[in-house]
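Observations on chain architecture
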Amino acid sequence: MSVRLTPRGTRGTKMFSSIPAWLLPVFRAGNVGFYRLLGRRMRTPGRGLLLLTTTGARTGKRRQTTLGWFADEPARADAWLIVASASGSAAHPAWYVNLAHHSRDAIIDVGGREVAVEAASLDGLERERAWARIVAAAPGYAKYALQTDREIPVVRLTRTKV
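Let me sum up the structure you'll find in this document.

What counts and how
Residues numbered from 1 in each chain as written. Predicted model: local features only at pLDDT ≥ 70, side-chain atom pairs only at ≥ 80, totals over all residues. Heavy atoms only, no water. Helix = DSSP H or I, 4+ residues; strand = E, 2+ residues; numbered from the N terminus. Rg over C-alpha atoms; globule rule 2.2 N^0.38 Å. Buried < 20%, exposed > 50% of the residue type's maximum accessible area, 1.4 Å probe, protein only. Areas by Shrake-Rupley, 256 points an atom, 1.4 Å probe, with all protein chains shown as cover. Lys, Arg positive; Asp, Glu negative; His and termini not counted. Charge placed at Lys NZ, Arg CZ, Asp CG, Glu CD. Pairing = 2+ DSSP bridges. Expected span 1.5 Å × (residues − 1). Arc of directions from axis to C-beta. Patch = residues over 30% accessible without salt bridge, like charges linked within 9 Å, V, L, I, M, F, W, Y side chains within 5 Å. Salt bridge = Lys/Arg side-chain N within 4 Å of Asp/Glu carboxyl O. Phe/Tyr/Trp six-rings, centres within 6.5 Å; stacked < 30°, edge-to-face > 60°.

1. Re the overall build of the protein chain
Check the secondary structure of the protein chain and you find four helices and eight strands. The N-to-C order of helical and strand elements in the protein chain reads α-β-β-β-β-β-α-β-β-α-α-β. Taking 2.2 N^0.38 as the reference for a compact globule, 162 residues should give roughly 15 Å; the C-alpha atoms of the protein chain span a radius of gyration of 15 Å, in line with that estimate. Projecting the C-alpha coordinates of the protein chain onto the three principal axes gives extents of approximately 40 × 40 × 30 Å. Burial status across the protein chain gives 41% buried among its 162 residues. About 9100 Å² of surface is accessible on the protein chain, with carbon and sulfur atoms providing 57% of the total. Positive and negative charge centroids in the protein chain, built from 25 and 12 side chains respectively, lie 7 Å apart.

2. What about the pairing of strand β2 (residues 47–55)?
Judged by how many residues are buried, β2 sits mostly within the fold: nine of nine residues are covered. As paired strands, β2 and strand β3 (residues 62–68) are joined by seven bridges and run antiparallel to one another. In the sheet register, Thr55 faces β3, and the bridge partner there is Arg62. Between the antiparallel neighbours β2 and β3 lie six residues, among them Gly60 with a positive phi of about 75°. As paired elements, β2 and strand β6 (residues 106–110) share three bridges and run antiparallel to each other.

3. Quick word on helix α3 (residues 124–137)
Note: α-helices contain 3.6 residues per turn, so residues at a spacing of three or four share the same orientation. An ideal rise of 1.5 Å per residue puts 20 Å on 14 residues; α3 measures up with 20 Å between its terminal C-alpha atoms. Turning to α3, its buried residues are Arg127, Ala130, Trp131 and Ile134. Looking down the long axis of α3, one finds its buried residues gathered within 105° of arc, a one-sided arrangement. α3 presents Glu128, Arg129 and Ala136 as exposed residues on the side facing more than 90 degrees away from its buried surface.

4. Comments concerning a nonpolar patch on the surface
On the surface, Trp22, Leu23 and Val26 cluster together into a nonpolar patch covering about 330 Å² of accessible area. Note that Val26 resides in helix α1 (residues 24–38). A relative accessible area of 52% places Val26 in the exposed class.

5. As for the packing of aromatic side chains
In the structure shown here, the tally under the stated rule is four aromatic pairs. On the basis of an interplanar angle of 70° and a centroid distance of 5.8 Å, the ring pair of Phe70 and Tyr141 is categorised as edge-to-face. You can see Phe70 sitting in strand β4 (residues 70–71) and its partner Tyr141 sitting in helix α4 (residues 140–147), a full 71 residues away along the chain. Each of the two residues, Phe70 as well as Tyr141, counts as buried.

6. Digging into unusual backbone geometry
Cis geometry is found at the peptide bond from Glu73 to Pro74, where omega equals 0°. By secondary structure assignment, the location of Pro74 is in the loop between β4 and β5 (79–83). Positive phi is not limited to glycine here, since Ser87 has a value of about 55°. One can find Ser87 in the loop between β5 and α2 (94–101). Overall, the relative accessible area of 31% leaves Ser87 in the partly exposed class.

Next up, the structure:
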């Protein structure tokens, strides 16, 4: 299992272009803080959130981000699907790059419990089927795919055996 770093796009939205760079860490910390405060009650349209902790690809520091997740198919209690859309940006989100470098060193907090996970990219027909389910559940992802020319990665997080 591993995360395959796909090519970056040549066009896409400008994520956070209207937010000053110095404010981004405050914004991210606020998201993590709200997740810790509200936990499983936090939702993004139609789905729950999880808190993903990764190891920085360049820095080696622990990084956290909140993400919407989707059930795997067939439904499994030990697997979660996440989407590296970056809102249709040409660049991949930092957490995805981190997972590509450290796919076996991630932790999620989902529903108030911490789970060690291993990340793997979905490819081919498996990705296409997952993408169709994701877009049916959250149509905004279809818009993101139109805004960029990169393939938006779908990543499966699977509980590791402890």
